[in-house]
Amino acid sequence: MHLSLEGRRAVVCGASRGIGKAIAGVLAEMGAELILVARDEAALAAVAEGLPGGRERHGIRALDLLDTAAVKTCFSEMAAQAPVHVLINNTGGPAAGTAFDGKPEDYERAFRQHVVAAQVAAQALVPGMRKAGYGRIINITSTSVKEPIPGLGVSNTIRAAVASWAKTLSRELASQGITVNNVLPGFTSTERLDYLFRQRAQHSGNEVEEVERAAIAQVPAGRFARPEEIAWAVGFLASPQAAYISGINVPVDGGRMASL
Ligand SMILES: NC(=O)c1ccc[n+]([C@@H]2O[C@H](COP(=O)([O-])OP(=O)(O)OC[C@H]3O[C@@H](n4cnc5c(N)ncnc54)[C@H](OP(=O)(O)O)[C@@H]3O)[C@@H](O)[C@H]2O)c1
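**Some thoughts on the pairing of strand 6 (residues 178–185)**
Here is step 1 of the chain: Taking burial as the measure, the eight residues of strand 6 include eight buried ones, the bulk of the element.
Here is step 2 of the chain: Alternating residues of strand 6 divide into Ile-178, Val-180, Asn-182 and Leu-184 and Thr-179, Asn-181, Val-183 and Pro-185, and every residue in both groups is buried.
Here is step 3 of the chain: Where strand 5 (residues 135–140) meets strand 6, six bridges bridge the pair, whose relative direction is parallel. The residue bridging Gly-135 from the neighbouring strand is Ile-178, located in strand 6.
Here is step 4 of the chain: Remark: the strand 5/helix 6 (residues 153–173)/strand 6 crossover connection has right-handed handedness.
Here is step 5 of the chain: In the sheet, strand 6 pairs with strand 7 (residues 249–252) via four bridges, with the strands oriented parallel. For Asn-182, the partnering residue across the bridge sits in strand 7 and is Asn-249.

This is how it looks when you write it as structure tokens:
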């Protein structure tokens, strides 16, 4: 099976590091022309430079996904340049903390950054996908969609909102050649995971290494994921071969979740 995105244009949000950066690498290897989005322009430029085709082939856009007006302007401009066929909604996860301790503004910010930004991006890009008869909207969420994770109250809540948005949208767009799916990373070696383990260590009074060992013990595969392992699942869902897969949640978690 040869997976190709030759002739396709893709926007990858949160592409300056971690899982988003790995997704950019995979989609570029598949032949897509990319636009990389995040706040850190210098980091985006470095990522683009390292991709097949480099800065000549791939664009960058410095954008804060919390700024809804800026998101609207940015995505409208991208859509006006040329059709975008693949949209990867990915951004930083909300801060750790219990559901009870989350402030109303924490919930509002998370909703804006994860749901509203994805909706604004989709509204701008779907007309081009429709015209092309090819669209892939892929949201990076979390296994907490299926099994809420203790100590990540705001995050758990917002992932469920994204999953519900995506499911609804997938049924609305399926007849137009557009699929909408979610990829649910398990423990993946990125700055986000380092942050979460530091937080857990601080709250439990344990060493970070101890927290890491306890986390690995929960994973039947016996290790954390590399960001590329999440990106390969995304690459498949973005490919023509995944045309009949829509509205699903794909865990990539080394078998950690116990639920069906
Ligand atoms: N790593 C894991 O174990 C794991 C597990 C489950 C779920 N997830 C989720 O998967 C997603 C990606 O995770 P990751 O580990 O790759 O996270 P990460 O290392 O923290 O990277 C987050 C990316 O999002 C960008 N970003 C953050 N806030 C932004 C904003 N306001 N506007 C625009 N871009 C923003 C960051 O770039 P800038 O700072 O340059 O803006 C960066 O490129 C997150 O939602 C995370 O919670 C991760």
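**Description of the packing of aromatic side chains**
Here is step 1 of the chain: Here the structure, examined in full by the defined rule, presents three aromatic pairs.
Here is step 2 of the chain: Aromatic pair Phe-187 and Phe-197: ring centres 5.9 Å apart, planes at 55°, arrangement tilted. Pair noted here: Phe-187 is in the loop between strand 6 and helix 7 (191–204) and Phe-197 is in helix 7, with a separation of 10 residues, a long-range link. A single burial state applies to Phe-187 and to Phe-197, both of which are buried.
Here is step 3 of the chain: Summarising the aromatic geometry, the rings of Phe-187 and Phe-224 are spaced 5.7 Å apart at their centres and angled 70° between planes, so their arrangement reads as edge-to-face. In this pair, Phe-187 sits in the loop between strand 6 and helix 7 while Phe-224 sits in the loop between helix 8 (208–217) and helix 9 (227–238), placing the two residues 37 residues apart along the sequence. Accessibility assignment for this pair places Phe-187 and Phe-224 in one class, buried.
Here is step 4 of the chain: Members of the aromatic cluster, joined through ring pairs, are Phe-187, Phe-197 and Phe-224.
Here is step 5 of the chain: Between Arg-256 and the ring centre of Phe-187, over which it is positioned, the NZ or CZ distance is 4.6 Å.

**Observations regarding the environment of Ala-80**
Here is step 1 of the chain: If you trace the backbone, Ala-80 turns up in helix 4 (residues 68–81).
Here is step 2 of the chain: The spatial distance from the C-alpha of Ala-80 to the C-alpha of Gly-128 is 9.0 Å, given a sequence separation of 48 residues.

**Details of the packing of helix 7 against helix 8**
Two quantities define a packed helix pair, namely the angle between the axes and the distance from one axis to the other.
Here is step 1 of the chain: Viewed as axis vectors pointing N to C, helix 7 and helix 8 meet at an angle of 110°, and their least axial separation amounts to 8 Å. Comparing their axes, helix 8 and helix 7 come out roughly perpendicular. Crossing hand, helix 7 versus helix 8: right-handed. Along the contact surface, helix 7 presents Phe-197, Arg-198, Arg-200, Ala-201 and Ser-204, while helix 8 presents Val-208, Val-211, Glu-212 and Ala-215.
Here is step 2 of the chain: Across the contact of helix 7 with helix 8, the residue classes break down as five nonpolar, one polar and three charged.

Thresholds, definitions, all that
Residues numbered from 1 in each chain as written. Predicted model: local features only at pLDDT ≥ 70, side-chain atom pairs only at ≥ 80, totals over all residues. Heavy atoms only, no water. Buried < 20%, exposed > 50% of the residue type's maximum accessible area, 1.4 Å probe, protein only. Helix = DSSP H or I, 4+ residues; strand = E, 2+ residues; numbered from the N terminus. Pairing = 2+ DSSP bridges. Right-handed = clockwise from strand over helix to strand, strands pointing away. Phe/Tyr/Trp six-rings, centres within 6.5 Å; stacked < 30°, edge-to-face > 60°. Lys NZ or Arg CZ within 6 Å of the ring centre and 35° of its normal. Axes fitted to C-alpha atoms, helices over the stretch in contact; angles between N-to-C directions. Parallel < 35°, antiparallel > 145°, perpendicular 65-115°, else oblique. Left-handed = near helix turned anticlockwise from the far one by under 90°. Contact = heavy atoms within 4.5 Å. Nonpolar A, V, L, I, M, F, W, Y, C, P; charged D, E, K, R; others polar.

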